[in-house]
Amino acid sequence: MAGRGRGAEEGEGTTAGVSERLLFVDMLPADAAPVSLPEPRPAKEILPPDGGGFGPASPTATITRLRKQVGRVSWPAFHRSIGTELDRGIGFLLVPVFLATGVIFYFSLNAEPDLYRPLAAVALMAVCALVSRSRPRTHLLFMAAFFCALGFLAAKVETWRAATPMLGSEIQTRLTSRLVSLEEMENGRVRLTIDVISTAHPKLRYAPERVRLSARKVPADMTAGSLLTGYARLLQPTGPVRPDSYDFSFDSYFSGIGASGFFLGNPKTIASEEAPATARLASAIEKARESIADHIRGLVGGPEGEIAAALIVGVRAGIPDEINEAMRRTGIYHIISISGLHMALVAGTIMLLLRGAFALFPDFASRRPVKKYAAAAALVSIAAYLVFSGIVVAAERSFIMLAVMLVAVLFDRAALTMRNLAISAIAVILVSPHEVVGPSFQMSFAATAALVGAYAGWSDYRADRTTAPPPKRSFLHFASRKLVMGMGGLAMTSIIAGSATALFAIWHFQRVSPLSLLANLAVMPIVSVVMFLGVASALTMPFGLDWPFLYLMGKGLTAMIAISGWISERSPVDAVGLISIQSVLFVTIALVIATMATTWLRLAAIPFALAGLLTVSNTRTPDVLISEDAHLVAMPIGGGELAVNRARSNEFTTDNWKRALVAETVVEPETFETGDARFDIDPLDLPPGSPFYCRDGLCLARHPSGAIVALAENRKTARPACAFADLIVIDDATAYSPCWNSLALVVTKRQLARSGSAAVFFDPQSATAQATIRYAVEKPYRPWHEQRKYSREARGLPPYQRPERPVVKLAPSAQ
């Protein structure tokens, strides 16, 4: 967007100095009265009487202006404002909003719809919109419905196109496969993504096409495209660790990953065969990424080398967990994820270097459109960066947005920032609709929309002000003023982006970063220099001259790690618990209105924002959480403590539950041996808030409300708990309820295998009412959950045990 005071560069033919919002205003009618402009006067004649400059508008003046705007609200004024918004192009900006609405509606359905229904809806809405063109209001309504139906259809087509074969049950088999990618993990293991060619011992009838496995070691000559074989244990994709949390089956389905697991031994490479052309191209790109990452790690070394590899080629599996956690707690983890910041720095660096190089040849630069040459080179650079860094949604969105801007430069067009954001959103939604319900899409677009909207509003505000030429000041004063303005702009950027994404972060991760503003102010200048050095190292790497840039890059990353670690140690607990989905929806509507409206209609965002804040706590925290394999049960017992039934629990699941239930510490169970007199107590005498006590396959605990929770290994050990327990969890797929008492809620392993993890709620008003339960997966199954009904546990079968091979003893005569 061209700001006020920016002139067109000589010979470039670029229109500047015009606000993008004014480009959509209807032209004046032919009979409109001419506008008389005041005669220009010297700056000293328009200064205030006291000789001072023009400062920012006072809060009283701002409030008075808002009161006047609200006071003029009427039905005719509302219609005029709607017309003005449409003239300024808000209709196009709302296209991705309606597309996303259709996508969200599709993924929120309880059953999979047929393909012909959204096709018929799109065709019907298109015909209705075409017929109603003579009636503008009706036409707009049908267009909105058309784009909603189109988003619904795009999501359905993507689901149909993916059709990922998913493993139904855990099994061990020998795999012959082709390596797609290889990543060295922080714990020393290696993560491999492979395309399955064949299986044996046993041969799978419904084998997944692509799986992700880990191994202790791999051969040194194993690279992308290599054929490998090995005996592996395959696990079916898991569902959410609790209701309303991230669904790993959903992500695996649309990523094409049909199973996960690990090699039981080290995989081996075998003789290679000719691969398809697409596989050879993908392998070549992956080999290049691996070689570049290894080169960077070798020169930089340590965690700095891992972060440098993540910034340049997007390989971040080797970053130590403590550094990842420190950056998450301080709110700077977005630095690791390649997104708009990185794309903009790469494009800006390339254009800056080329424009500087062209300036050395003034005769050539004066006769040629060197700005277009630089823009074309920047476009090629960010396209290569997108490919070599791994194509993720944040990088896709940033690439599309920057590509539109650079193409606009090539064709001497104004780069309309909000329209670029809309175009990139439309492209991402139509290509990968499932990204709409993920945290990356929501947070990246929310932050960008808020920043663009705030910048546009600030530009309009400055354009309406009359300012005098600044007086001449010393260089020190000029530099300090620029430094303060830069730091202030960086602070406002962090505040705006953080405020826009806060509720999305809480909804998806149940955490916020209290000291993110301080961390971003301290780290972002370093990151800018680091990215400049990264671009310079990439340009000089083919010539072997990249080592000084990578050395300096490592030093900058060392400072960044030290700062994030220091701030993380002083950051308070960032877990905030669960919030309601209604709050997220209200805030999303408020964000759309505030960033897209240009008239007084933007004030309509205020009631939606207030409604979002008022409904944040409109949700109930579960009293008990149960994992989908029935192995782990957790219960808050007060005082920030979370009681679990296993001493060695799944770390990822436990951390997620701690954030959701706002618990700081985990209380492990106390196990007693058979016959230990300390366990011989009446369960009804357990005080409220007691952790788990386990003996002989039975664990007991008491919720602060007084409800008793029992976890049993099988139906036999669960039967005694029917007399006193309010909730009984049986870790046995073959078992059924042993209780005839209707007040006891019994949950079996078979139920959890079918319906996923569960959240249990006790009735605080009645001690005799049965507890209620909510599962993570609803029936009928959607395509990414179809595999659940084929597991042995879901069919009520015991775990598979491989039969032992008989030992053949030779007769003495045969010896």
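Residues numbered from 1 in each chain as written. Predicted model: local features only at pLDDT ≥ 70, side-chain atom pairs only at ≥ 80, totals over all residues. Heavy atoms only, no water.

Enquirer: Sorry, what's going on with the side chain of Asp726 here?
Expert: If you trace the backbone, Asp726 turns up in the loop between helix 23 (715–718) and strand 15 (727–730). Buried and without a salt bridge, Asp726 has Arg702 as its closest oppositely charged side chain, separated by 6.5 Å. Polar side-chain contacts of Asp726 include one of 2.8 Å to the backbone nitrogen of Ile708. (Helix = DSSP H or I, 4+ residues; strand = E, 2+ residues; numbered from the N terminus. Buried < 20%, exposed > 50% of the residue type's maximum accessible area, 1.4 Å probe, protein only. Lys, Arg positive; Asp, Glu negative; His and termini not counted. Salt bridge = Lys/Arg side-chain N within 4 Å of Asp/Glu carboxyl O. Polar contact = N/O pair within 3.5 Å; in protein donor to acceptor, adjacent residues only side chain to side chain.)

Enquirer: How should unusual backbone geometry be read in this particular structure?
Expert: A negative phi angle characterises most non-glycine residues, just as the trans form characterises most peptide bonds. Residue Pro202 is reached from His201 by a cis peptide bond, and omega for that bond is 0°. Along the polypeptide, Pro202 turns up in the loop between strand 2 (190–200) and strand 3 (210–215). Cis geometry marks the peptide bond from Lys779 to Pro780; its omega dihedral reads 0°. For Ala630, which is not glycine, the phi torsion reads 65° and is therefore positive.

Enquirer: What's the story with the pattern of salt bridges in this structure? I'm lost.
Expert: One side chain can pair with another of opposite charge once the charged atoms of both are near each other. Under the criterion given, the structure shown has 17 salt bridges. For Asp244, the salt bridge is made with Arg774, and the minimal N-O distance between the two is 3.1 Å. Taken together, the positions of Asp244 in the loop between strand 4 (227–235) and helix 7 (248–255) and Arg774 in strand 18 (residues 772–775) put the pair 530 residues apart, joining distant regions of the chain. Overall, the relative accessible area of 46% leaves Asp244 in the partly exposed class. Given the relative accessible area of 38%, Arg774 is considered partly exposed. Close ionic contact of Arg511 with Glu325 constitutes a salt bridge, the shortest N to O distance being 2.8 Å. With Arg511 in the loop between helix 17 (475–509) and helix 18 (516–540) and Glu325 in helix 10 (residues 321–330), the pair connects residues that are 186 residues apart, well separated along the chain.

Enquirer: Looking at this model, I keep getting lost on the packing of helix 5 (residues 116–131) against helix 6 (residues 136–162). Mind explaining?
Expert: A pair of packed helices is captured by two measures, namely the crossing angle of their axes and the spacing between those axes. The geometry of helix 5 relative to helix 6 is characterised by a closest axis approach of 8 Å and an angle of 160° between their N-to-C directions. By the angle between their directions, the pair helix 5 and helix 6 is classed as roughly antiparallel. Once helix 5 is placed against helix 6, the crossing between them reads as left-handed. Here Pro118, Leu119, Ala121, Val122, Met125, Ala126, Cys128 and Ala129 of helix 5 come into contact with helix 6, specifically with His139, Phe142, Met143, Ala145, Phe146, Ala149, Leu150, Phe152, Leu153 and Lys156. (Axes fitted to C-alpha atoms, helices over the stretch in contact; angles between N-to-C directions. Parallel < 35°, antiparallel > 145°, perpendicular 65-115°, else oblique. Left-handed = near helix turned anticlockwise from the far one by under 90°. Contact = heavy atoms within 4.5 Å.)

Enquirer: Please explain the sheet that holds strand 18 as it appears in this structure.
Expert: The strands that make up a sheet pair up through hydrogen bonds in the backbone, lying either parallel or antiparallel. Taken together, the 6 strands give an open sheet; going across it, the order is 10-9-8-7-17-18, and neighbouring strands pair in mixed fashion. Taken across any chain shown, the strands that pair with only one partner, and hence form the sheet edges, are strand 10 (665–667) and strand 18. Direction aside, neighbouring strands of the sheet carry axes that sit 25° apart on average. Across 4 bridges, the pairing between strand 17 (residues 758–761) and strand 18 is antiparallel. Of the residues in strand 18, the one forming a bridge with Val760 is Ile773. (Pairing = 2+ DSSP bridges.)

Enquirer: For this particular structure, what's the right way to read the nonpolar core?
Expert: Side chains of nonpolar character tend, in soluble globular proteins, to be buried together. Core analysis: the biggest nonpolar cluster contains 84 residues, and Ile307 and Met553 have the highest contact counts within it. With 8 residues, the single largest contributor to this core is helix 18. In this view, Met553 contacts Ala308, Leu311, Ile312, Val530, Leu533 and Gly534; residues no more than four positions away in its chain are not counted. Grouped together as the second largest cluster of nonpolar side chains are 24 residues, Met635, Ala701, Leu711 and Val747 included. (Core = buried A, V, L, I, M, F, W, Y, C linked by side-chain atoms within 4.5 Å.)

Enquirer: Explain the state of the cysteines here, please?
Expert: One covalent bond between the sulfur atoms of two cysteine residues makes up a disulfide. Evaluated as defined, the whole model comprises 2 disulfides. The disulfide that involves Cys694 links it to Cys699, with 2.0 Å between the sulfurs. Residues Cys694 and Cys699 share a disulfide whose torsion about the S-S bond is about 115°; that sign makes it right-handed. At a sulfur-sulfur separation of 1.8 Å, the disulfide partner of Cys722 is Cys739. (Disulfide = S-S within 2.5 Å.)

Enquirer: What is the right way to look at the environment of Leu234 in this model?
Expert: Relative to the elements of secondary structure, Leu234 occurs in strand 4. In contact with Leu234, other than residues within four places in its own chain, are Leu167, Ser169, Glu170, Ile171, Thr173, Leu175, Leu204, Leu213 and Ser260.

Enquirer: Mind showing me how you'd approach the confidence of the model for the protein chain here?
Expert: Close inspection of predicted coordinates is inappropriate in any region flagged by low pLDDT. Mean pLDDT over the protein chain stands at 84; residues scoring 70 or higher make up 86%. Here residues 1–38 is modelled with pLDDT under 50, and outside its nearest four sequence neighbours on either side it reaches 49 contacts, counting other chains as well. (pLDDT = per-residue confidence, 0-100.)

Enquirer: I keep staring at the sheet that holds strand 12 (residues 690–695) and nothing clicks. Help me out?
Expert: As summarised here, the arrangement of the 6 strands in space is 11-12-13-14-15-16, forming an open sheet in which the pairing is mixed. Pairing within the sheet leaves two strands with one partner each, and these edge strands are strand 11 (670–671) and strand 16 (745–748). Note that strand 15 and strand 16 share 4 bridges and pair parallel. Pairing of Ile728 across the sheet is with Val746, part of strand 16.

Enquirer: Any chance you could explain the layout of surface pockets here in plain terms?
Expert: Leftover empty space is mapped by rolling, across the atoms, a probe with the size of a water molecule. Its boundaries defined by the atoms lining it, the second largest pocket holds a volume of some 630 Å³. In terms of residue class, the lining of the second largest pocket is made up of 10 nonpolar, 3 polar and 7 charged. (1 Å grid on protein atoms, 1.4 Å probe; cavity = no way out; pocket = protein on both sides within 12 Å on 5 of 7 lines; lining within 4 Å. Points joined across faces, edges and corners; volume = space filled by probe spheres on them. Nonpolar A, V, L, I, M, F, W, Y, C, P; charged D, E, K, R; others polar.)

Enquirer: Quick question: what am I supposed to make of helix 8 (residues 277–300) here?
Expert: It helps to recall that an α-helix has 3.6 residues per turn; residues three or four apart then point in one direction. When the terminal C-alpha atoms of helix 8 are compared, their 35 Å separation across 24 residues agrees well with the 34 Å that a helix rising 1.5 Å per residue should span. Within helix 8, burial applies to Ser283, Glu286, Arg289, Glu290, Ala293, Ile296 and Arg297. Of the surrounding secondary structure, the elements contacted by the buried residues of helix 8 are strand 1 (171–184), helix 9 (302–313) and helix 13 (370–388). Just past helix 8, the residue Gly301 takes up positive phi, approximately 80°. (Expected span 1.5 Å × (residues − 1).)

Enquirer: Any chance you could explain the packing of aromatic side chains here in plain terms?
Expert: Any two aromatic rings considered together are summarised by their centre-to-centre distance and by the angle between their planes. Within the structure shown, the criterion is met by 19 aromatic pairs. Both rings, one in Phe248 and one in Phe652, keep their centres 5.6 Å apart while their planes meet at 70°; by these two values the pair is edge-to-face. One end of the pair, Phe248, is in helix 7; the other, Phe652, is in helix 22 (residues 651–660), with 404 residues separating them in the sequence. Phe248 sits in the partly exposed class, given a relative accessible area of 27%. Classification of Phe652 by relative accessible area gives partly exposed; the value is 46%. Clustering of aromatic rings is evident, with ring pairs tying together Phe105, Tyr106, Phe107, Phe152, Phe250, Tyr253, Phe254 and Trp784. (Phe/Tyr/Trp six-rings, centres within 6.5 Å; stacked < 30°, edge-to-face > 60°.)

Enquirer: Would you take a moment to explain helix 10 for this structure?
Expert: Among the residues making up helix 10, those that are buried are Ile323, Asn324, Ala326, Met327, Arg329 and Thr330. In this fold, the buried residues of helix 10 make contact with helix 9, helix 18 and helix 19 (547–569). Gly331, located one to two residues past helix 10, shows a positive phi value of around 75°.

Enquirer: For this particular structure, what's the right way to read the packing of helix 11 (residues 340–359) against helix 13?
Expert: Interaxial distance between helix 11 and helix 13 falls to 8 Å at its minimum, and their mutual angle equals 145°. Like other packed secondary-structure pairs, helix 11 and helix 13 cross with a definite hand, here right-handed. On the side of helix 11, the interface is formed by His342, Met343, Val346, Ala347, Ile350, Met351, Leu354, Arg355 and Phe358, while helix 13 contributes Val370, Lys371, Tyr373, Ala374, Ala375, Ala377, Ala378, Ser381, Ile382, Tyr385 and Leu386.

Enquirer: Help me out: how do you make sense of the environment of Thr665 in this one?
Expert: Structurally, Thr665 can be placed in strand 10. Thr665 sits in the partly exposed class, given a relative accessible area of 41%. In the structure, Thr665 is positioned 25 residues away from Gly640 in sequence and 6.6 Å away in space, judged by C-alpha atoms. Discounting residues that sit within four places of it in the chain, Thr665 has contacts with Gly640, Glu641 and Leu642.

Enquirer: I keep staring at the side chain of Ser252 and nothing clicks. Help me out?
Expert: Among the structural elements, Ser252 can be located in helix 7. For Ser252, a relative accessible area of 15% gives the class buried. With sequence-adjacent residues up to four places away left out, Ser252 is seen in contact with Thr164, Met166, Pro237 and Ile257.

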